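Coordinate analysis (summary)
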Amino acid sequence: MKFCLSLGALLALSLPALAQETTPTPAPPIDTPNKSSNRFRPGVQVGFFKFNSSATGDTFGGNGISISPAFGAIRAATRHGNWRPDFGVNFSRSNGNTLIFLPIGASYVLGLSEKKNQPYIGASVNAVPAYTKIETANLGGKFELAAGASAFAGYNFGNRFNVEARYFQISKVRGFDLSHFEVSAGVRF
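So, a few notes on the structure that sits alongside this text. Counting restarts for each chain: residues are numbered from 1 in the order of the written sequence. Only residues with pLDDT of at least 70 are given local features in this predicted model, and only at 80 or more are side-chain atom pairs given and counted; all residues enter the totals for whole chains, interfaces and linings. The side-chain values count all of the structure's non-hydrogen atoms but skip hydrogen atoms and water molecules.

**Quick word on the overall build of the chain**
- Along the chain, the regular secondary structure elements total three helices and 12 strands.
- Think of it in three bands: residues with accessible area under 20% of the maximum for their type are buried, residues over 50% are exposed, and the middle band is partly exposed, with areas taken using a 1.4 Å probe on protein chains only. Sorting the 189 residues of the chain into buried and exposed places 37% on the buried side.
- Two residues form a contact once any of their heavy atoms are found within 4.5 Å. The contacts in the chain between residues at least 6 apart in sequence include a share of 58% that link residues at least 24 apart.
- Surface accessibility in these figures is a Shrake-Rupley result with a 1.4 Å probe; residues are shielded only by whichever protein chains are displayed. For the chain, the exposed area adds up to about 11600 Å²; of that, 66% sits on carbon and sulfur atoms. Helix and strand assignments come from DSSP, with helices taken as H or I runs of at least 4 residues and strands as E runs of at least 2, each series counted from the N terminus.

What follows is the structure, encoded as structure tokens:
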């Protein structure tokens, strides 16, 4: 009888300890993103480009302007990479000659760090609708479709600013090589 009471007392004392060991530990709290960083943020990416081909540069001006509308915060690139839409409007004009082309496609972006301020690299594949009007050669306006690809590197300053350098390789349009080097900066308001 004494043995049964002792065993009962031992079990009574050890049950709370066993219950504590078997209860699951609560999950750590999940960091919720800052609501202000996820709100709708219109913005723009503005850059300047220089043609590789001297013939293209002589006809349309050696330099041009690129503008890309942007919406939402600047997304941090992951170390595993992610796909994003790629869109831009490039414009160059000289002596009445006009060139407008729109690289439209998809880019793969790879983050080189997981910090708030981060460097990244990437590549894109693009369809490039282009409009040319060459008044110096009495050639009226014409739309053509070119193919393009780019390689780029950039740096995100948080989720509101970034800078980027990009090399575009684009097929010829009306005999003009549209390949160029571009430097741009972006802001979200």
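**Side note on the nonpolar core**
- What makes a nonpolar core is a set of buried Ala, Val, Leu, Ile, Met, Phe, Trp, Tyr and Cys residues whose side-chain atoms join them at distances within 4.5 Å. Core analysis: the biggest nonpolar cluster contains 14 residues, and Phe51, Phe60, Leu99, Phe101, Ile170 and Leu178 have the highest contact counts within it.
- Looking at this core, the elements that each hand over two or more residues are strand E1 (42-51), strand E5 (97-101), strand E7 (117-134) and strand E9 (161-170).
- Not counting chain neighbours up to four residues away, the residues in contact with Leu178 comprise Phe51, Thr56, Leu99, Phe101, Ala130, Ile170, Ser171 and Val173.

**A closer look at the environment of Leu110**
- Structurally, Leu110 is set in strand E6 (residues 104-111).
- Linking Leu110 and Ala123, residues 13 residues apart in sequence, is a C-alpha distance of 9.1 Å.

**Brief notes about the layout of surface pockets**
- Computed over the protein atoms alone on a 1 Å grid, cavities are sets of points where a 1.4 Å probe fits but cannot get out and pockets are open sets with protein on both sides within 12 Å along at least five of seven lines; a residue lines them when it has an atom within 4 Å of a point. Grid points are joined across faces, edges and corners, and a volume is the space filled by probe spheres set on the points. The calculated volume of the largest pocket comes to roughly 730 Å³.
- Along its surface, the largest pocket is lined by 29 residues, and Gln45, Pro85, Asp86, Phe87 and Arg188 are the ones closest to its centre.
- Of all the secondary structure elements, the ones that give two or more residues to the lining of the largest pocket are strand E2 (63-71), strand E3 (82-87), E6, strand E8 (139-157), E9 and strand E12 (180-188).
- A total of five residues in the lining of the largest pocket trace back to one element, the largest contributor, which is E2.
- Class assignment for the residues of the lining of the largest pocket results in 12 nonpolar, 10 polar and seven charged. Residues are grouped as follows: Ala, Val, Leu, Ile, Met, Phe, Trp, Tyr, Cys and Pro are nonpolar; Asp, Glu, Lys and Arg are charged; all remaining types, including Gly, are polar.

**What to know about the side chain of Glu164**
- Tracing the backbone through its elements, the reader meets Glu164 in strand E9.
- Here a polar contact is recorded for every N or O atom pair within 3.5 Å, except that within protein the pair must consist of a potential hydrogen donor and a potential acceptor, and residues adjacent in sequence are included only if both atoms are side-chain atoms. Among the polar contacts made by the side chain of Glu164, one reaches the side chain of Tyr120 at a distance of 2.7 Å.
- Residues in contact with Glu164, not counting those within four places in the same chain, are Gln45, Tyr120, Phe152, Ala153, Gly154, Glu182, Val183 and Ser184.

**Some remarks on the pattern of salt bridges**
- A pair is scored as a salt bridge if a Lys or Arg side-chain nitrogen falls within 4 Å of a carboxyl oxygen belonging to Asp or Glu. Per the stated rule, a full pass over the model turns up four salt bridges.
- Of the charged contacts in the structure, one is a salt bridge between Arg166 and Asp86, with a shortest N-O distance of 3.1 Å. With Arg166 in strand E9 and Asp86 in strand E3, the pair connects residues that are 80 residues apart, well separated along the chain. For the pair Arg166 and Asp86, a shared accessibility class is recorded, and that class is buried.
- A salt bridge links Lys133 to Glu135; the shortest N-O distance between them is 3.4 Å.
- Judged by its relative accessible area of 30%, Lys133 is partly exposed.
- Three or more residues are tied together by salt bridges with common partners; here these are Asp86, Glu164 and Arg166.

**Some thoughts on the pairing of E12**
- Bridge count between E1 and E12: nine bridges; the pairing is antiparallel. Opposite Gln45, over in E12, you have Gly186 as the bridge partner.
- Bridge analysis of E9 against E12 gives eight bridges, and the strand direction is antiparallel. Pairing of Glu164 across the sheet is with Ser184, part of E12. When DSSP finds two or more bridges between a pair of strands, those strands are recorded as paired.

**Thoughts on the environment of Gln118**
- Topologically, Gln118 is positioned in strand E7.
- Between the C-alpha atom of Gln118 and that of Gly154, which follows or precedes it by 36 residues, the distance is 8.5 Å.
- Among all residues touching Gln118, those that are not within four sequence positions of it are Ala76, Ala77, Gly111, Ser113, Gly154, Tyr155 and Asn156.
- A distance of 2.6 Å separates a polar side-chain atom of Gln118 from the backbone oxygen of Ser113.

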